[in-house]
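Here is what each chain is made of, one letter per residue.
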Amino acid sequence: MRKECRSCSGKELEIFSVGAITINEVVTALLAVPAFIPATLCTGYLAAWFTNLHGFRQRSLVERVIWSLPLSIAISTITAVLIGRFISLSAVVAFFLISAAFWSATLGKEWLGLRRTSRHWTSGWRPLGPTTVILAVVWTVASILWLVDFQVGHQLYMSLTIFDHAPRVNWTESVLRTGIPPANPLYWYKHAASMRYYYFWYVICAAIAKVTRLPVRAIFTASCVWAGFLLAAIIALYLKHFLLTGVRLRSQFLRAIGLLAVSGLGICVNVWKLFHMQDPYIEVWPAGQITSWSDTILYDPHHIASLVCCMLAFLLAWMAGKKGTPARLVTVILIALALASAFGLSIYVAFTFFFVTVIWGVWQVAIERTSGPAMLLATGGVCGAILLLPYLRELTHGSSNVQGGSVFAFAVRDMIPPDGLLASTFFQHLAIAHPLAALKTAKLILLIPGYAIELGFYLAVLLVYLVPAWHGRIALTAAQRTFVFLAAVTLPLMSFVRSGVLVTNDFGWRASLFLQFPLLLLGSEVITVWSLAERKSTSPAELIGLPQKTPQWLRSAAALALVFGVITTVFQATLLRFELPLAQRNLRALHDPEAGKIPHNAFISSEGYTELQRVIPQSAIVQFNPMHSDFYWTAADLLGINRQTAILGDKLGCGSELGGDPTGCPAMAAAIDSLFNGASSEQARATCRQFGIQYLVTRIYDPAWKDLNSWVWTLRPVVADEEFRALECQ
């Protein structure tokens, strides 16, 4: 492996030119995966063991693990946040280590007891154990390779997930530096401000980083791997305890896992866009996307974790509906923990769950004539709100003076761009007289084809269960009716309610999870029926509760949509990993002067910030160039800085959206912009003293770099590389 050295403040800064950064990211991410076990396995196992939740002690080891995963994330998350808030992050680490020790002791005690009585554990390993392990290993390796940066010489190629991961790594590092609640690391005006955001996932990641001393980037990458495991576990629990799959459990589980690779018909639109010389964006239309499972897991693991907590609470309420008082008490406590965790993991997912389950509860009482599960869920929700009181106070009593509107707003969901429809003769006349009505009407009309494209195979699944003739007029089970009801309620909710304070419709994107999850499990039943129909001998037990006599034309259409759904997922995954290198190749072919700048900036930033972190205190306030409009440039700063910054950017609120007084934004943005456009050392010192900045970071691509009389070359450097400099400015 070849090494080059560059002078850096009188020291030698080593730069590996043959993928050393990639190798380091892969190795540390692999090491980080088992580090999550105390938080994602041990706490839930102990809770289920000591309460003997639904006969936990009598179950096989494999099923115990499956139960432990969602239980652990539900228990660990809110517990870690409360411990961290009222004690410290070190106490959170101690909590996880003690849990791991008790878990080991519990297993050891059970093993000794079995050995004394000449008995053996029921492992539950056969017949799917080896297959499951292979799938888990493939998922782990593939996820990590899809998330790390690829180094080629002095170029560092990031995946598209960096748009979400860079800020979240930065926020997790803020938890490590400032505790709970964390300070907003993107904005500093006069003093630090608490971060007003759903940060619970970052507390878990910060605790793991603190105990392992692994890079936060590696920890966050590993958390995406665990999000996949959590989703697989809740799928298994629903198949066994909700849909009651019985003898077909294992085969149907594999089919459900396979369906995670099926998305909509976006590949058809992407191919059309290619032929029409348009950008084949990873999502067909970002504003109205129903994000594929793989994208949600790899981009936003905290939303998956929140979904898992919500669905765990729902399952516990469902299962305990007919249990005695002790079982119900344990259930309420666990539901409270799960829903409190879900809210802090993703407010939008939790709000969707609240809206949907309130309507479901009314339906249960009025139509199904049963109130047990709904009352348990409601009681647990009230208790969960009590656990959230400290966090809710943070959100409502923060130091930010940002005045926003309502959290939610009514609007027709943007799906297919309506420009073509608005250009038609009918809409042209309507648009002249009533332009807003014309736009809303066009959006409303385009919802149907939009959902057909976004859902694909899953739309066929929904139709099979909605139309009695298409599932053989067999009465749906209570569980199937509930899934259909949840999907049917979620669809209009995500179609006509959107985020009110954000430009992007985060609520609409996350609400779709409660449409996707029921349809995924119902889809596994449809696929199972197809498989059984091809067998010569099928036992009656295997057909219990499954839809039958689906019309051949619908089955053929669903099968075709299934194939296109897999192709769409593969296409999206390819773009997710290779969009930047492909774009850079195209720029080089056009001899564009911008070719190579983004990956090279990422490389020099990674090396420069690594050195900077070694030589400045953790409490330092550092400022980089805030003028970049392309987030790839900002991502390189967010991933490397690991310190408080004065402003994130020079637009909108400068980063105060997450906390802080935004009135300082215009003055800070103007002053800092002038520095990076070129200014004297005196002006730099004056600006730094005025806004509390201690270090300025600049690279070869900044305008000020080219001015040999500017502060870049006259202030005292703490890191002085030929393409990256950090300078003390007070």
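Our subject is the structure that appears above.
Residues numbered from 1 in each chain as written. Predicted model: local features only at pLDDT ≥ 70, side-chain atom pairs only at ≥ 80, totals over all residues. Heavy atoms only, no water.

Draft legend 1. Seen up close, the overall build of the chain. When you go through the chain residue by residue, the secondary structure sums to 30 helices and eleven strands. For 730 residues, the compact-globule formula gives about 27 Å, and the C-alpha radius of gyration of the chain, at 27 Å, lands near that figure. With respect to the three principal axes, the spread of C-alpha positions in the chain is 85 × 80 × 50 Å. With 730 residues in all, the chain has 57% of them scored as buried. Taking the intrachain contacts of the chain between residues at least 6 apart in sequence as the baseline, contacts between residues at least 24 apart amount to 76%. Summed over its atoms, the accessible surface of the chain is roughly 30,000 Å², and 66% of this surface lies on carbon and sulfur atoms. Within the chain, the 40 negative side-chain charges are centred at a point lying 14 Å from the centre of the 54 positive side-chain charges. (Helix = DSSP H or I, 4+ residues; strand = E, 2+ residues; numbered from the N terminus. Rg over C-alpha atoms; globule rule 2.2 N^0.38 Å. Buried < 20%, exposed > 50% of the residue type's maximum accessible area, 1.4 Å probe, protein only. Contact = heavy atoms within 4.5 Å. Areas by Shrake-Rupley, 256 points an atom, 1.4 Å probe, with all protein chains shown as cover. Lys, Arg positive; Asp, Glu negative; His and termini not counted. Charge placed at Lys NZ, Arg CZ, Asp CG, Glu CD.)

Draft legend 2. Seen up close, the pattern of salt bridges. This structure, assessed with the given rule, holds 17 salt bridges. The shortest N-O distance in the salt bridge between Glu394 and Arg85 comes to 2.9 Å. Here Arg85 lies in helix α3 (residues 61-86) and Glu394 lies in helix α16 (residues 389-396), a separation of 309 residues in the sequence. Look at Glu394 and you get buried, because its relative accessible area is 11%. Arg85 gets classed as partly exposed once you look at its relative accessible area, which sits at 28%. The partner of Arg614 in a salt bridge is Glu611, with the nearest N and O atoms 2.6 Å apart. Of this pair, Arg614 and Glu611 are both found in helix α26 (residues 597-615), three residues apart, which corresponds to roughly one turn of the helix. (Salt bridge = Lys/Arg side-chain N within 4 Å of Asp/Glu carboxyl O.)

Draft legend 3. Inspection of the state of the cysteines at higher detail. Taken as a whole and assessed by the stated rule, the structure comprises two disulfides. Between the sulfur atoms of Cys654 and its disulfide mate Cys665 the distance is 1.9 Å. Looking along the S-S bond of the Cys654-Cys665 disulfide, the torsion reads about 65°, which is the right-handed sense. Highlighted residues: Cys654 in the loop between β8 (644-645) and α28 (665-677) and Cys665 in helix α28, separated in sequence by eleven residues. A relative accessible area of 1% places Cys654 in the buried class. One disulfide in the model links Cys688 with Cys729; its S-S distance is 2.1 Å. Its S-S torsion of about -105° marks the bond between Cys688 and Cys729 as left-handed, since a negative value means left-handed. Of the two residues, Cys688 sits in helix α29 (residues 681-691) while Cys729 sits in the segment after β11 (724-728), which places them 41 residues apart along the sequence. (Disulfide = S-S within 2.5 Å.)

Draft legend 4. Geometry of the environment of Ile544. By the secondary structure assignment, Ile544 is in the loop between α24 (540-543) and α25 (552-589). In this structure Ile544 comes out as exposed when scored by relative accessible area, which is 56%.

Bear in mind that shape data such as this cannot, by itself, settle questions of function.
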